[in-house]
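Read off the chains here:
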Amino acid sequence: MLRGRITAEQVTRGTLRALASIPLAALAALVVILLVQALPAVRYNGLGFFTHDAWLPGSFYADPVTTHGVSHPPGASYGALPLIAGTLESSLLAMVLAVPVGIGTAMLVVEKLPARLSSAAGFFLEVLAGVPSVVYGLWGALTLGPWLARHVSPVIAAHAPDLPILRFFRGATGAGEGLFAAGVVLGIMILPIIAATTRDLLRQVPRQTVEGALALGLTDAESMRMVGFPWVRTGVLGAAVLGLGRALGETMALAMVSGTVLGASPHNFYDTFTTIAATIVSQLDSSLTDGTGFAMHTMAELALVLLAITLLVNVLARVIIHSVSGTALPVGRGV
Amino acid sequence: MTHSLAAARTDGGNSRRAGAQIPGSRSRHPDLLSPASTRAGVAAAPPALPPVLKTRDATMGFGLKTVLSSVTLEFRRGTINAIIGPTGCGKSTLLRAFNRMNDRSPTFWRRGSVEFEGCDVSAGTPDPLELRRRVGMVFQRPNPFPMSIRDNVVAGVRAHRLAPRRELAAVAERHLRQVGLWDAVADRLDDSPFRLSGGQQQLLCLARALAVEPDVLLLDEPTSSLDPATTEIVEALLRTLTPRLTLVLVTHNLAQAGRVAGTTAFLYDGRLVEAGETRQILAAPREPETVSYVTGRIG
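Keep in mind the model is a prediction, meaning the values are calculated, not measured.

Draft legend 1. Layout of the overall build of chain A. From N to C terminus, chain A includes eleven helices and four strands. Within chain A, buried positions represent 42% of all 335 residues. Counting only contacts in chain A whose residues sit at least 6 apart along the sequence, the fraction spanning at least 24 positions is 77%. Total accessible area computed for chain A in this model is approximately 16,600 Å², and 70% of it derives from carbon and sulfur atoms.

This is the structure we're talking about:
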């Protein structure tokens, strides 16, 4: 009887351990396969992959050439600099737009709206978070992009001063596909993530602490700024990283709104560009037609770079959160 | 229904206010809420000041629920006053009426008057922010803000712009000394308050409440989460705050009321059952419900 129970206990424990290790195994397998697939591309492309703009698959119909033991079409030369830059730039723009708006929305929902309106706003945030990215992409390409190009971009372009860096905001404003439109679409996509997470965090601030601030004669806004928000600061940083992760990896919407221009960096804020994820999805078909398989190896290398950037962002966020939580804030410490 | 607390005052200065509004007053117990003058004899009492806090026929509640019925009470300047009663009797609601914290709830309603220095607290003078500065509050559990210890003390000073920036450090030191916390935290003013012990956190919250120079301090069971030794420290500190401040102390702890409060009001089931000098309430209560409560049969 006892023996039976012990065996059952061991079986349960073993099963749970096996189940718990699945995510780890999946990640390990993913990284190994990507590494193996990317290795020929890493050897042939070299460091130049990160430093130049060209995107030349070479001639798929000519006889393959072998360099450093890697078989590839003649004339193949890949540079991912514009892709990496485009990924970072569009995500940065999305963050600049979505973080303040998301935090503001969350504060409004928690502090100012009556309960019923607040729960309705929460519902819409969740719906917004669940809209498929292809829908955002289509809307961005057909409606938002052209509207921005017609009404917003010219205003910014006309008023941006002719100074280094700010010069980037001047010049031709395009037809709607490009960095600016992509950043705005991305921002709208990650807004609900940041707003909903921040809202949930703010609701965790103990009532007595907020009341303590109000009882001291602070206004609602002051109490939110001095007490409520600092209480959840690290958690909000985590929410922002969550949003950044989504922005960095977002594929479909960017493939539709960016203009997917390969082989060149954007000339200004409104120019067409592309990102790593959008390039992988838009180049997959033609890469499969490379008989040497080298184009696919390059796709794997791109995927590896994207994975590395995302991991780096997460690690960085954890380091920042760890250093901030040195003041021992009670909630929202994790990512 | 209305139980008088403030009773009929024999001193002339106050009868102007007291006379009309206190039904059922007990003239044989003059000046129940001024222990000092009782001790000294009515004749030697200082010219009676109008009460700092006062409710008249105050009935209040949330939504359909009536929490307090017809409470008439007053608290004299510079005194320590306890409000006792079992859980759910309306002590906290009464306390929170004085600094309008109940108004945070959209379903809160009130009839009758609740006055601070002769003006109804809802009249708008002083405005709610200034009212809450002058009528401070300390809560049941320590509730430090997520900022450094020093910033905690001066959070209210900053918000109300009571002192220029360069004086904030001095203000913080003064009030940390006042609550006896300075020696413990002097070398870690920039640290988080959450590493302090519960008692130290509560003292910090007291320092924060005192730093905005209030006239009244409302204390909602301020020692219920503290150990006996720390409780003693807090009680000793409370005694030092009078007569500059007027304290209203909600407590579960009858012995605490006996140790610190000059007057005590007993609430039961939303009614003010009895109020008067603490010694009398605890040793010789007149109402049967008070007797039951102080002897431990109810509550």
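Having put the structure on the table, let's press on.
Draft legend 2. Structural view of the packing of aromatic side chains. Residue and element names in this part refer to chain B. Applying the stated criterion across every chain yields a total of 15 aromatic pairs over all chains. Measuring from ring centre to ring centre gives 6.2 Å for phenylalanine 266 and tyrosine 268, while their planes differ by 20°; the resulting arrangement is stacked. Residue classification places phenylalanine 266 among the buried residues on the basis of a relative accessible area of 0%. Here tyrosine 268 falls in the partly exposed class, since its relative accessible area comes to 25%. Note that arginine 208 overlies the ring of phenylalanine 145, its terminal NZ or CZ placed 3.8 Å from the centroid.

Draft legend 3. Looking closely at the confidence of the model for chain B. Residues and elements named next belong to chain B. Predicted confidence across chain B gives a mean pLDDT of 84, with 83% of residues reaching 70 or more. Mean pLDDT across the elements of chain B bottoms out in helix α1 (residues 12-21) (35) and peaks in strand β6 (residues 135-138) (96). The low-confidence segment residues 1-45, where pLDDT is below 50, has 87 contacts with residues more than four positions distant or belonging to other chains.

Draft legend 4. The arrangement of the pattern of salt bridges in detail. Under the counting rule described, the total for this entry stands at 24 salt bridges over all chains. Arg199(A) is paired through a salt bridge with Asp200(A); the nearest N and O atoms lie 3.2 Å apart. The class for Asp200(A) is partly exposed, based on a relative accessible area of 37%. Among the charged side chains, a network of salt bridges with common partners joins Arg77(B), Glu117(B), Arg134(B) and Asp215(B).

Draft legend 5. Region of the structure containing the sheet that holds strand β4 (residues 108-116) of chain B. Residues and elements named next belong to chain B. Spatially, the four strands line up as an open sheet ordered β2-β1-β4-β5, and their pairing is antiparallel. Either end of the sheet is taken by a strand with one partner, and the two such strands are β2 (65-75) and β5 (119-120). By the bridge criterion, two bridges tie β4 to β5 in an arrangement that is antiparallel. The residue of β5 that forms the bridge with phenylalanine 116 is cysteine 119.

Draft legend 6. Here's a closer look at the sheet that holds strand β3 (residues 80-84) of chain B. Residue and element names in this part refer to chain B. The strand order across the open sheet formed by six strands is β6-β7-β8-β3-β9-β10, and the pairing between neighbours is mixed. In this open sheet, the two edge strands, each paired with only one partner strand, are β6 and β10 (271-277). With direction set aside, neighbouring strand axes in the sheet form an average angle of 15°. When strand β9 (residues 263-268) meets β10, the two strands line up antiparallel, connected through six bridges. Each bridged residue has a counterpart across the sheet, and for phenylalanine 266 the counterpart in β10 is glutamate 274. Strand contacts of helix α8 (residues 198-211): β6 and β7 (216-220), with the helix running at about 175° to β6, the strand carrying the most contacts.

The rules behind the values
Residue numbers run consecutively from 1 along every chain, following the written order of its sequence. Going through the entries in the order they are written, you letter the chains from A and number the ligands from 1. Local features are withheld for residues below a pLDDT of 70 in this predicted model, meaning they are given only at 70 or higher, and side-chain atom pairs are given and counted only at 80 or more; totals for whole chains, interfaces and linings count all residues. Hydrogens and water are ignored here; the side-chain numbers use all heavy atoms of the structure. A run of DSSP states H or I qualifies as a helix once it reaches four residues; a run of E qualifies as a strand once it reaches two. Both are numbered from the N-terminal end. The classification of residues rests on relative accessible area computed with a 1.4 Å probe and restricted to protein chains. Under 20% of the type maximum is buried, over 50% is exposed, and intermediate values are partly exposed. Note on contacts: a residue pair qualifies if any of its non-hydrogen atoms lie within 4.5 Å across the two residues. The Shrake-Rupley method, run with a 1.4 Å probe, gives the accessible areas here. Residue values count only the displayed protein chains as cover. Aromatic rings from Phe, Tyr and Trp, with only the six-membered ring used for Trp, were paired whenever their centres fell within 6.5 Å, and each pair was classed as stacked if the ring planes differed by under 30 degrees, edge-to-face if by over 60, and tilted otherwise. Placement of a positive charge over a ring is assigned whenever Lys NZ or Arg CZ falls within 6 Å of the ring centre and within 35 degrees of the normal to the ring plane. Each residue carries a pLDDT value, the predictor's own confidence for that position, ranging from 0 to 100. Basic side-chain nitrogens of Lys or Arg form a salt bridge, by our definition, when they fall within 4 Å of a carboxyl oxygen of Asp or Glu. The criterion for strand pairing is that DSSP finds at least two bridges linking the strands in question. Axes here refer to lines fitted to C-alpha atoms; in helices the fit is confined to the stretch in contact. Angles between the N-to-C directions go from 0 to 180 degrees.

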